[in-house]
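Now for the letters of each chain:
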Amino acid sequence: MHISIVAADFDGTMSQGDVLAPEAGHALRRWRESGRFTALVSGRSFEFLHALQEREQAFDLIVAENGAVLYNTHTDEMFLPFGEVPDDLIDTLEKLGVPLWRGIAIAGTRTPYDDAAWVASRELGLPVHVETNRSEVMLLPQGASKGAGLLHLLQRVGMSPRNVVAIGDAENDLSLLQAAEVKVAVANAIKGLKEIADYVTPEPEAAGVARFVERYLLDGQAFDFPVRSAHHFGLGADVEFSLNAHDLVDREILIAGGSGCAKSWLASRLAEGLIDGGYQILTLDPVGDLHALRRPASCLSLGREETPSIGLVLQLLAETDLSLVLDMSRLQTREEQVLYTTGLLRHVLDMRRRLGKPHWILIDEAQDLLGGSDNPARIPLLQSFESFGVCLVTWQPSALDQGVLDRVHGFVLTRHRLHSEVACLSRLMESHGLDVTGLSDRLAQLGEGQMVSWGLTAAAAELELLRFRSGPRVFPAMRHLHKYVEERVSRSKQFYFRDPAGNTPPAGNLGELIDRLRGVDVAVLTYHFERGDYTRWIRDVFRDETLARWIDRLHAANLAGEDLRAALLDVLEQRYRVLERLV
């Protein structure tokens, strides 16, 4: 679960008179001891709340005086981001005989003096907000509220409101709940607060707080209530299909399919949907295909010039809300990429256990970064005892450690024709009780913009066929694209087959290569494949690194005979269909 911060009101929520109720204090200290965080959010004066914390040692952050005074208990730093109530207003109200109490940044009185406070602030032309909370009346600097104060403090300490569950009871807790990912009202809360809450505790006050923290956070029980304000997004689907971001970030998703069948596009769309919802995403991109995810205000692309240090990545994730796309293509060998991934995941997963972010980790080409039973990069994932919010994108699920695959509980499958990989997917889905009868044919027959899905947010009874509209893709520069697809390159650059029978003419473009491979003797086809001739020709003549990489992948599939022919043709035809639209 990505919830890592409990932010709770004091009076009427956790109080027992002027002290913290023992059951609430016990639950909150247990939560802190698990490595998570607590925030005390109250209209009370800073001096009172600071003394309370000194006695109880139950809070990491304090939002005092209805959001006007912020305090970090670990660094002993105080902030007044909205300023203070002007002395001129205080002097005027005292002359009028209004009974006042003063805090560091705010002042307060009680009804029926709220009208006098409001009129005086307007006559003096002062930017002061008058807020009523039951019988209490607070004079606040403009902009101050519990929600605004909490958001400001979270930003200062590098935490995200997407990790917050907020608990309250009264009018001035409305902004607090509105700022949080999960909204909870205790049983004694006012009607308006209950109406916006995702959950109302059966028990009132501190008993409700303690029971909620123990049941849903400490004991890890999944929420059995909807998070009603959760961000929802689609995939450009032709049919109605909406994903719940709050649920998605705590799930392990496998996106699998053949080369060129929109796997990375779907992964990018999931990431974009989460980023739009305010979630922080870390993307590992070993080949540099996902740089289009970059958005200057919310998503930073690193590594195109030089691979960033792990320390820099961790600092950006911990201290900002920026999502990161790590282009790892500058790491030239698979061994370098695996070692970098191992160190990064170890630290990032530890950060997620503490801070709840990054909220999701997207790993493209997972067979390269995590594949193999002796791959050290898989170990941080296997050692995590909690849901770790990872999306694995791969054309070769069989290369992944079985322990990693067993953690997956959501699937997005696009077109795939490799029997060994479909067999792996079938076994994996059967372990979840899914009927996989005819899966091989279903995946082989999927058209463009079609996918089979299960468990993206909640486990469905069976696999679903869904449609999506993929957006434009970014292609590297290729020489003479028209010649690549339709016309022919010069004779000196054509592909010549070593065919003893002399029955196979050379290929002068991608279409001719496909045509020749349909009829060439399988021994000739295999000879050129094993030598790497197809990828060499495509790289050297047309500079299509993507297609060359797709063909190179087939070496890991251990294909032979007609299975190899079918796989080669599938890859080449898929690429041809995409490129011919550009001509």
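Here is what the cut-offs are and how they apply
- Residues numbered from 1 in each chain as written.
- Predicted model: local features only at pLDDT ≥ 70, side-chain atom pairs only at ≥ 80, totals over all residues.
- Heavy atoms only, no water.
- Axes fitted to C-alpha atoms, helices over the stretch in contact; angles between N-to-C directions.
- Helix = DSSP H or I, 4+ residues; strand = E, 2+ residues; numbered from the N terminus.
- Left-handed = near helix turned anticlockwise from the far one by under 90°.
- Contact = heavy atoms within 4.5 Å.
- Nonpolar A, V, L, I, M, F, W, Y, C, P; charged D, E, K, R; others polar.
- Disulfide = S-S within 2.5 Å.
- Parallel < 35°, antiparallel > 145°, perpendicular 65-115°, else oblique.
- Buried < 20%, exposed > 50% of the residue type's maximum accessible area, 1.4 Å probe, protein only.
- Right-handed = clockwise from strand over helix to strand, strands pointing away.
- Pairing = 2+ DSSP bridges.

Digging into the packing of helix α20 (residues 522-531) against helix α23 (residues 561-579)
Next, step 1: At a closest axis distance of 10 Å, the pairing of α20 and α23 adopts a crossing angle of 65°. You can see that α20 and α23 cross each other, and the crossing is left-handed. Here Val-522, Leu-525, Thr-526 and Phe-529 of α20 lie close against α23, whose contacting residues are Gly-561, Glu-562, Leu-564, Arg-565 and Leu-568.
Next, step 2: Class assignment for the residues of the contact of α20 with α23 results in five nonpolar, two polar and two charged.

Some words on the state of the cysteines
Next, step 1: Under the definition given, this model contains zero disulfides.
Next, step 2: Distance from the sulfur of Cys-261, which forms no disulfide, to the nearest cysteine sulfur (Cys-391) is 16 Å.

Looking at the packing of helix α3 (residues 87-95) against helix α4 (residues 114-124)
Next, step 1: At a minimum axis separation of 10 Å, α3 and α4 run at an interaxial angle of 130°. Classified by the angle their axes make, α3 and α4 are oblique. The interaxial crossing formed by α3 with α4 has right-handed handedness. Residues Asp-88, Leu-89, Thr-92 and Leu-93 of α3 form the contact with α4, whose participating residues are Ala-116, Ala-117, Ala-120, Ser-121 and Leu-124.
Next, step 2: Residue composition of the contact of α3 with α4, grouped by class: six nonpolar, two polar and one charged.

Things to note about the pairing of strand β5 (residues 61-64)
Next, step 1: Alternating residues of β5 divide into Leu-61 and Val-63 and Ile-62 and Ala-64, and every residue in both groups is buried.
Next, step 2: With helix α2 (residues 46-56) bridging strand β4 (residues 37-41) and the parallel β5, this β-α-β connection has right-handed handedness.
Next, step 3: Relative to strand β6 (residues 69-72), β5 runs antiparallel, the two being bridged by four bridges. Among the inter-strand pairings, Val-63 is bridged to a residue of β6, identified as Leu-70.
Next, step 4: Counted along the chain from β5 to the antiparallel partner β6, the turn is four residues long, and its residue Glu-65 has a positive phi close to 50°.

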